[in-house]
Amino acid sequence: MKERRTGINLESMRASSEEQFREILFDFASRYSPHLNLDFNKDVRPHLDDKAWWEADYGQASRDGKSVGMSAKDALRCLVDIHRTYQLYRGISETIEGLKASGKTEITGIDAGTGTGILAIIMLSQGVNKVNAIEINKETLDVTRNFIRGLGLLDRINLIEGDATRIDTPGLRKTKADILVSENLSGGLLDEPQYDIINHLSNYLSPDAEIIPSEAELYASVAAVNWEGVPAEKNNIAARRLKECKIVSPRVKYSNVESGVGMPIPIIESNITLPTDFTGPINALLISTRFRINNLGKFVYLEPDTADFLGKTAAFKLGGIVYAKGGLVEVSLKYEAGRERKHLNMLVDGNKIELIDTMLK
């Protein structure tokens, strides 16, 4: 195992291209990996083109029998998800430049679900003075604390163990933060408590604070897929894991959600019509999300399926077969943002698909 390096020059993090940023992230990953008893060049880098390597572990830590947060290895996956992290870097940079232009001289940030701490580090590199970084998974937090200590940044990154949807600590109460990064980029805004986090942490934000990501555009399409190999009880899966997935309609936007200080948890509700010239059986609804990272400066987007680890298009198994009528499929959706997919049901009738949140009354 190579000796762990210490210290980091934050100025060296400025990159003008994704390729340059890739090398920066690889350097961080080579520093983080030994804390997991891994050698980056032997145990991680050779697997970056293997789709199976990118499937989440989930559940290294648990409370009351329920998995909590990401494992440290999942956090490492986020770190080396190059395009995703580069787009976040660009959006964070644009946001902080905008805050400086507005007259902010002392900028405080919050990073909710910090994982390896890479987004907190990025905030510092772009001009944030101090970051309160929250992580729910104690094992991951312990690894990250050692990593951040090795970088010499523990005086500027305040690592806090806790649930970002309900946490209340003196570290957060001392100042009203100017920027919140809550990077829970899930397809369809499902599974991840993105807006629970924003709603609660708004208590520790200035009224004009910037929130990243700033907007999510939600899209739906239909497909004829081969569900072979997918457990019968599983009603959804990442579309890329299907053996065959023939998309038979264009993607149509069914909602967009903007992040804002004090916002309530949104209810996604929409009725859309999908045009198609496909006359065969349709057995899947595909849901994807386009994220706008920032609200200040030049807009930066993370397009669907451009990240390796998170934000993949989800394929939902229909409760029956749908056939287009008059070249159209009608789709109705209603669910609370952050809902776990296991609580969603799919009903079909003729050319109509209805996605129902069983937890909503």
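Higher on the page you've got the structure.
Residues numbered from 1 in each chain as written. Predicted model: local features only at pLDDT ≥ 70, side-chain atom pairs only at ≥ 80, totals over all residues. Heavy atoms only, no water.

**Q** Please explain the packing of aromatic side chains as it appears in this structure.
**A** For any pair of aromatic rings, geometry is given as the distance between the ring centres together with the angle between the planes. With the rule as written, the count across this model stands at eight aromatic pairs. Taking 6.0 Å as the distance between ring centres and 25° as the angle between the ring planes, the aromatic pair formed by Y86 and Y89 counts as stacked. Highlighted residues: Y86 and Y89, both in helix 4 (residues 82-101), separated by three residues, approximately one helical turn. Per residue, the accessibility class of Y86 equals that of Y89, and both read buried. Among the aromatic residues, ring-to-ring pairing joins F21, Y86 and Y89 into one connected group. One Lys or Arg, R77, reaches over the ring of W53 and ends 5.1 Å from the middle of that ring. Note that R290 overlies the ring of Y301, its terminal NZ or CZ placed 3.8 Å from the centroid. (Phe/Tyr/Trp six-rings, centres within 6.5 Å; stacked < 30°, edge-to-face > 60°. Helix = DSSP H or I, 4+ residues; strand = E, 2+ residues; numbered from the N terminus. Buried < 20%, exposed > 50% of the residue type's maximum accessible area, 1.4 Å probe, protein only. Lys NZ or Arg CZ within 6 Å of the ring centre and 35° of its normal.)

**Q** Could you clarify how one ought to interpret empty space enclosed by the protein in this entry?
**A** Which parts of space are left empty comes out when a probe the size of a water molecule is rolled across the atoms. Counted under the stated rule, the structure contains one cavity of 30 Å³ or more. If you add up the space inside the largest cavity, you get close to 40 Å³. If you go around the largest cavity, the residues you meet are T289, F291, L302, E303, D305, T306, A307, L310, G311 and K312. Residues that form the lining of the largest cavity fall into these classes: four nonpolar, three polar and three charged. (1 Å grid on protein atoms, 1.4 Å probe; cavity = no way out; pocket = protein on both sides within 12 Å on 5 of 7 lines; lining within 4 Å. Points joined across faces, edges and corners; volume = space filled by probe spheres on them. Nonpolar A, V, L, I, M, F, W, Y, C, P; charged D, E, K, R; others polar.)

**Q** What am I meant to see in the sheet that holds strand 7 (residues 205-212) here?
**A** Strand pairing in a sheet is mediated by backbone hydrogen bonds. Such pairs are either parallel or antiparallel. On the basis of which strands lie adjacent, the open sheet formed by five strands has the order 5-4-3-6-7 and parallel pairing. Edge positions in the sheet fall to strand 5 (157-161) and strand 7, since each has one partner strand and no second. In this sheet, neighbouring strand axes are inclined to one another by 20° on average, regardless of whether the strands run parallel or antiparallel. In terms of strand pairing, strand 3 (residues 108-112) meets strand 6 (residues 177-182) through four bridges, oriented parallel. (Pairing = 2+ DSSP bridges. Axes fitted to C-alpha atoms, helices over the stretch in contact; angles between N-to-C directions.)

**Q** What exactly am I supposed to notice about the pairing of strand 3 here?
**A** Of all five residues in strand 3, five are buried, a share of seventy percent or more. Neither face of strand 3 is open: one carries T108, I110 and A112, the other G109 and D111, and all of them are buried. In the sheet, strand 3 pairs with strand 4 (residues 130-135) via five bridges, with the strands oriented parallel. From the neighbouring strand, T108 faces strand 4, where its bridge partner is K130. Handedness of the crossover joining strand 3 and strand 4 through helix 5 (residues 118-125) is recorded here as right-handed. (Right-handed = clockwise from strand over helix to strand, strands pointing away.)

**Q** Is there a simple way to explain the pairing of strand 15 (residues 314-322) in this structure?
**A** Moving residue by residue along a regular strand, the side chains alternate between the two faces of the sheet. Looking at chain direction, strand 9 (residues 236-238) and strand 15 are connected through three bridges and run antiparallel. Within strand 15, the position partnered with N236 by the bridge is F316.

**Q** Got a minute to help me understand the packing of helix 1 (residues 18-32) against helix 4 in this structure?
**A** The relative placement of two packed helices comes down to the angle between their axes together with the axis-to-axis distance. Contact geometry for helix 1 and helix 4: axes closest at 10 Å, N-to-C directions at 105°. Considered as vectors, helix 1 and helix 4 are oriented roughly perpendicular to each other. Between helix 1, through E18, F21, R22, L25 and F26, and helix 4, the contact on the second element is made entirely by I82, H83, T85, Y86 and Y89. Looking at side-chain class alone, the contact of helix 1 with helix 4 contains six nonpolar, two polar and two charged residues. (Parallel < 35°, antiparallel > 145°, perpendicular 65-115°, else oblique. Contact = heavy atoms within 4.5 Å.)

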